[in-house]
Amino acid sequence: MAYRPLADEIRPETLDEVVGQKHILGEGGLLRRIIESGDIPNLIFYGPSGTGKTTVANIIAKRTNRTLRRLNATTASLADVKDVIAQVGTLLAPEGVLLYLDEIQYFNKKQQQSLLEVIERGDVTLIASTTENPYFYVYNAVLSRSSVFEFKPLEGPDLQPAVERGFRLMGERLGAKAKLEDGVVEHLSVACGGDCRKAMNAVELLMNSAQRKGKSLVVTLEDAKTVAQRSAMRYDREGDDHYDIASALMKSLRGSDPDAALHYLARLLEAGDLITAIRRLLCSASEDVGMAYPQAVYIVKACCDNALQLGLPEAQLPLAQAAILLATAPKSNSVVNAIGAARSDVKAGKIGDYPRHLQNVHADSAGMERDQGYLYPHNFPGHWVQQQYLPDILLGAQYYVFGDNKNERAAEEYWKKIKGEE
């Protein structure tokens, strides 16, 4: 008998057996209603691996009596797509074809454009799946002709029944009942990162390697932790996860939540992505803390330098220190607003000539020297003197506005006094 992975053997055959995805497949869920109607449009399933995308495609094929043909965009070509279309109306596919194209993001624009012929046929239904955001990776003409459904990572409670069933099936296969230490099912349900396939692979490995005691196979919590270690990590340096975690870290720092910041920092470090962590921390020091606590820049820079010298795992300490400092520091976005406003004017062409007294005196040709008229601020009380610095076209423009934090308020009061504006 040919070997069949547990993940395939346990695959649901009805919508009620599908793990999770209640937001689209539960009672009254939109995708469930579409499937039950029997009138299936072209679909795009978006979500992490092991969340039921292929399973639902199989169920749809059975309900519609259409022949299911699977292609993977990592290896398939246009010729493969044409071969599938050619089967329509033959004995191979008398009721039409349901083409399941996995990882559609690996098709280039030209290849995706060729799918329009498939999409616009009534006897071929396309279900494409992707682990990346389809609005970034799928050609607009394909998107506009399809309905997009997001499959979300499975929560621990969702996975527990599947894990328990997996142990029962493996026990039947091996002729011995699984004897599980307390916490095994719960740990696997959480540690596999919401991926049912990973959880089933872990169950299969644990049962195949379990110690047999009489008619029982003993599965320990320690073994379960070893098998599932790092499995909960979903991270692709080139995919959505990279940008999502970096964004979550930055927004947690900005939101002054040290616990969330440490969580996302830990995820980056667990994935070995030291550089992204450092870049976000360095950026936040100026973007989110800025003039409210200017010293944060050089403290965070020192922490990041230490991290690079130490390397992982020790680098986690100075980076955690930087994250906590930034999350708990007073906040100001006056730097962001100021440079943004200045660049906006420059991009709009508001440049103008430099005021004469700001120009480089050494740039004047011999015999053409003119009185520059520059006033040296250090020769005046308070090291300040009124004179024009902006070009005429921008006279009166204000880019920097003092923030409402203690540090910037003190600076504002100081300059009001110096400039006699009080």
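Everything here concerns the structure above.
Residues numbered from 1 in each chain as written. Predicted model: local features only at pLDDT ≥ 70, side-chain atom pairs only at ≥ 80, totals over all residues. Heavy atoms only, no water.

K.L.:
Describe helix α18 (residues 334–347), naming the residues involved and giving the relevant values.
P.N.:
Taking 1.5 Å per residue, 14 residues should reach 20 Å; α18 reaches 20 Å between its end C-alpha atoms and fits that length. Every buried residue of α18 is listed here: Ser334, Ala338, Ala342 and Asp345. Along the long axis of α18, the arc covered by the buried residues comes to 60 degrees, so they all point the same way. In α18, the exposed positions that point more than 90 degrees away from the buried face belong to Arg343 and Lys347. In the core, the buried residues of α18 are packed alongside α19 (406–418). A positive phi of about 90 degrees marks Gly349, the residue just after α18. (Helix = DSSP H or I, 4+ residues; strand = E, 2+ residues; numbered from the N terminus. Expected span 1.5 Å × (residues − 1). Buried < 20%, exposed > 50% of the residue type's maximum accessible area, 1.4 Å probe, protein only. Arc of directions from axis to C-beta. Contact = heavy atoms within 4.5 Å.)

K.L.:
Tell me what's going on with the sheet that holds strand β2 (residues 67–72), and back it up with residues and numbers.
P.N.:
Each strand in a sheet pairs with another by means of backbone hydrogen bonds, the pair being arranged parallel or else antiparallel. Taken together, the five strands give an open sheet; going across it, the order is β2-β3-β4-β1-β5, and neighbouring strands pair in parallel fashion. At either end of the open sheet lies a strand with only one pairing partner, and these are β2 and β5 (147–150). Geometrically, the sheet is characterised by an average inter-axis angle of 20 degrees between neighbouring strands, direction not taken into account. For β2 and strand β3 (residues 97–102), the ladder comprises six bridges, and the chain directions are parallel. The partner of Arg70 across the bridge, within β3, is Tyr100. Most of the contacts of helix α6 (residues 109–119) go to strand β4 (residues 124–130), to which it runs at about 145 degrees, and overall it touches β3 and β4. (Pairing = 2+ DSSP bridges. Axes fitted to C-alpha atoms, helices over the stretch in contact; angles between N-to-C directions.)

K.L.:
Describe the sheet that holds strand β7 (residues 211–213), and please don't skip the residues or the numbers.
P.N.:
Overall, mixed pairing links the three strands, which are arranged β6-β8-β7 in an open sheet. Each end of this open sheet is capped by a strand with a single partner; those strands are β6 (177–180) and β7. Adjacent strand axes in the sheet meet at a mean angle of 40 degrees, parallel and antiparallel pairs treated alike. Here β7 pairs with strand β8 (residues 216–219) via three bridges, running antiparallel. Looking at β8, one finds that Arg212 is bridged to Leu217.

K.L.:
Tell me what's going on with the packing of aromatic side chains, and back it up with residues and numbers.
P.N.:
For the structure on display, the rule yields three aromatic pairs. The interplanar angle of 50 degrees and the centroid separation of 4.8 Å between the aromatic rings of Phe45 and Phe151 together place this pair among those described as tilted. With a gap of 106 residues between them, Phe45 in strand β1 (residues 43–46) and Phe151 in the loop between β5 and α9 (156–174) connect regions that are remote in the sequence. Like Phe45, the residue Phe151 is buried in the burial classification. Ring centres 5.0 Å apart and planes at 70 degrees place the aromatic pair Tyr400 and Phe402 in the edge-to-face group. Judged by its relative accessible area of 28%, Phe402 falls in the partly exposed class. (Phe/Tyr/Trp six-rings, centres within 6.5 Å; stacked < 30°, edge-to-face > 60°.)

K.L.:
Break down helix α14 (residues 258–270) for me, citing the residues and quoting the values.
P.N.:
When the terminal C-alpha atoms of α14 are compared, their 18 Å separation across 13 residues agrees well with the 18 Å that a helix rising 1.5 Å per residue should span. All of the buried residues in α14 are Ala261, Leu265, Leu268 and Leu269. Down the axis of α14, the sector holding all buried residues measures 95 degrees, keeping them to one side. For α14, the capping residue at the N-terminal end is Asp257, with a side-chain oxygen 3.2 Å from the backbone nitrogen of Asp259. (Polar contact = N/O pair within 3.5 Å; in protein donor to acceptor, adjacent residues only side chain to side chain.)

K.L.:
Go over the side chain of Thr125, please, and point to the residues and values.
P.N.:
Within the secondary structure, Thr125 is located in strand β4. Once residues within four sequence positions are removed from consideration, Thr125 is found in contact with Ile40, Pro41, Asn42, Arg66, Val97, Leu98 and Leu99.

K.L.:
Explain the nonpolar core residue by residue, including any values.
P.N.:
Core analysis: the largest hydrophobic core is formed by 30 residues, its most contacted members being Val163, Phe167, Leu188, Met200, Val203, Met207 and Val219. Residue assignment for this core shows that the elements contributing at least two residues are α1 (6–9), α9, α10 (184–191), α11 (196–209), β8 and α12 (221–228). The dominant element in this core, judged by the number of residues it contributes, is α11, at seven residues. Sequence-distant contacts of Val219, that is, excluding residues within four places in its chain, are made with Phe167, Lys179, Leu180, Glu181, Val184, Leu206, Met207 and Ala210. Counting 26 residues, the second-largest nonpolar core is a separate cluster that includes Leu249, Leu253, Ala285 and Ala315. (Core = buried A, V, L, I, M, F, W, Y, C linked by side-chain atoms within 4.5 Å.)

K.L.:
Break down the packing of helix α15 (residues 274–289) against helix α16 (residues 296–310) for me, citing the residues and quoting the values.
P.N.:
In contact at an axis separation of 9 Å, α15 and α16 are set at 175 degrees when each is read in the N-to-C sense. When the axes of α15 and α16 are compared, the pair comes out roughly antiparallel. Across the interface between the two elements, Leu274, Ile275, Ile278, Leu281, Leu282, Ala285, Ser286 and Val289 from α15 touch Ala296, Val297, Val300, Lys301, Cys304, Ala307 and Leu308 from α16. The residue inventory of the contact of α15 with α16, partitioned by class, reads 13 nonpolar, one polar and one charged. (Parallel < 35°, antiparallel > 145°, perpendicular 65-115°, else oblique. Nonpolar A, V, L, I, M, F, W, Y, C, P; charged D, E, K, R; others polar.)

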